[in-house]
Amino acid sequence: MQASLEQLSQIMVFVSIETSDKESLQPYTQVQGYKKGEIILHEGDRLPAKLYAVVSGSIQVTKTATTGKETILRGLNAGEMFAAPALLGDSIAPATVTAESDCEILTVQRDALLQAIQSNPEIALRMLMVFNTRIQQLHETVHGLVSERAIVRLARLIQYFATESGTEPSPQGQILKIKLSYYRMARSIGITYEECVRLIKTLKSVVAYSRGGKIIILDVEKLNAIACGQSETITCGT
């Protein structure tokens, strides 16, 4: 199905371009729906030369090591791009992309996108900003996996989702709007499920976890201190 102007407008890199430019892109777009849990791209797939973006819902990007261990690289929501190698690299999917919820994925053929960039170079600038942010996030992730204690990585992960997805106030503290299972947190910071359960228990004065992945930040200042590696009040894992 061809993308509507409204759907194109939801993609961050196309927000500011003129309606006429979006209309010229339309014939070269496609929108496809995926159910929660469905694989959108498999790691190692050869990709058509297109821009990929999330129109609605959310996706999860994961990488599998040679040992078989799977790590969550990032989650992406509506408006965000993914699968950059399809545009700028070797056209091989570097990771597996899975629908985290029911979602719609928009693609734009590369040649049409390049023509749009010639008319509006700001599209390219926005894309570069996105890719730069992703590189910085990847650098921080790798650095954390190599040098930071697991409890520091866990505190930073909770901080990240509190900022990215938002929180809601409650009498106990700040409730994360997103649900984070033990399994997801463990895969995101490179530890086992069992270690994640143990670390959450050591943080019981800082965060409260309940069934279904509900997390309440009880003490924001202490969480920040742990994330900075400055708190000595909690017995930390490695």
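Provided above is the structure to which this section pertains.
This is a predicted model, so every value here is computed, not measured.

Trainee: Just checking my understanding: could you explain the overall build of the protein chain for this structure?
Mentor: From N to C terminus, the protein chain includes 9 helices and 12 strands. Its C-alpha radius of gyration of 20 Å places the protein chain within 12% of the 18 Å reference for a compact globule of 238 residues. Dimensions of the protein chain, computed from the C-alpha atoms along their principal axes, are close to 60 × 40 × 30 Å. Across the 238 residues that make up the protein chain, the buried fraction comes to 45%. By sequence separation, contacts in the protein chain at least 24 residues apart represent 68% of the contacts at least 6 residues apart.

Trainee: Even after reading the chapter, I still don't get helix H9 (residues 220-227), so can you show me in this structure?
Mentor: Each α-helix turn comprises 3.6 residues. Residues three or four places apart therefore point the same way. Buried within H9 are the following residues: Leu-223, Ala-225, Ile-226 and Ala-227. Buried residues along H9 sit in contact with helix H6 (150-165), strand S11 (207-210) and strand S12 (214-217). The opening residue of H9, the one whose side-chain oxygen lies 3.3 Å from the backbone nitrogen of Glu-221, is Asp-219.

Trainee: Where do I start with the sheet that holds strand S8 (residues 103-109) in this structure?
Mentor: Strand order in the open sheet made by the 4 strands is S1-S8-S3-S6, with antiparallel pairing throughout. Of all strands in the sheet, those with a lone pairing partner are strand S1 (29-34) and strand S6 (81-82), marking the two edges. Direction of pairing for strand S3 (residues 50-56) relative to S8: antiparallel, over a ladder of 6 bridges. Paired with Tyr-52 across the bridge in S8 is Thr-107. The sheet contacts of helix H4 (residues 110-119) involve S3 and S8, and relative to S8 the element is tilted by about 70°.

Trainee: When you look at unusual backbone geometry in this model, what are you seeing that I'm missing?
Mentor: Peptide bonds are mostly trans, and most non-glycine residues show a negative phi. Backbone geometry at Ala-83 places phi at a positive 60°, although glycine is not the residue there. As for its position among the elements, Ala-83 is in the loop between S6 and helix H3 (85-88).

Trainee: Would you mind showing me how to read the pairing of strand S4 (residues 58-64) here?
Mentor: Two faces, one strand: in a regular strand the side chains alternate between the faces of the sheet. Within S4, 5 of the 7 residues are buried, leaving the element largely enclosed by the surrounding structure. Judged from the 4 bridges that link them, S4 and strand S7 (residues 96-99) form a sheet pairing that is antiparallel. By the bridge assignment for S7, Thr-62 is matched with Thr-96.

Reading the values: the criteria
Residues numbered from 1 in each chain as written. Predicted model: local features only at pLDDT ≥ 70, side-chain atom pairs only at ≥ 80, totals over all residues. Heavy atoms only, no water. Helix = DSSP H or I, 4+ residues; strand = E, 2+ residues; numbered from the N terminus. Rg over C-alpha atoms; globule rule 2.2 N^0.38 Å. Buried < 20%, exposed > 50% of the residue type's maximum accessible area, 1.4 Å probe, protein only. Contact = heavy atoms within 4.5 Å. Polar contact = N/O pair within 3.5 Å; in protein donor to acceptor, adjacent residues only side chain to side chain. Pairing = 2+ DSSP bridges. Axes fitted to C-alpha atoms, helices over the stretch in contact; angles between N-to-C directions.

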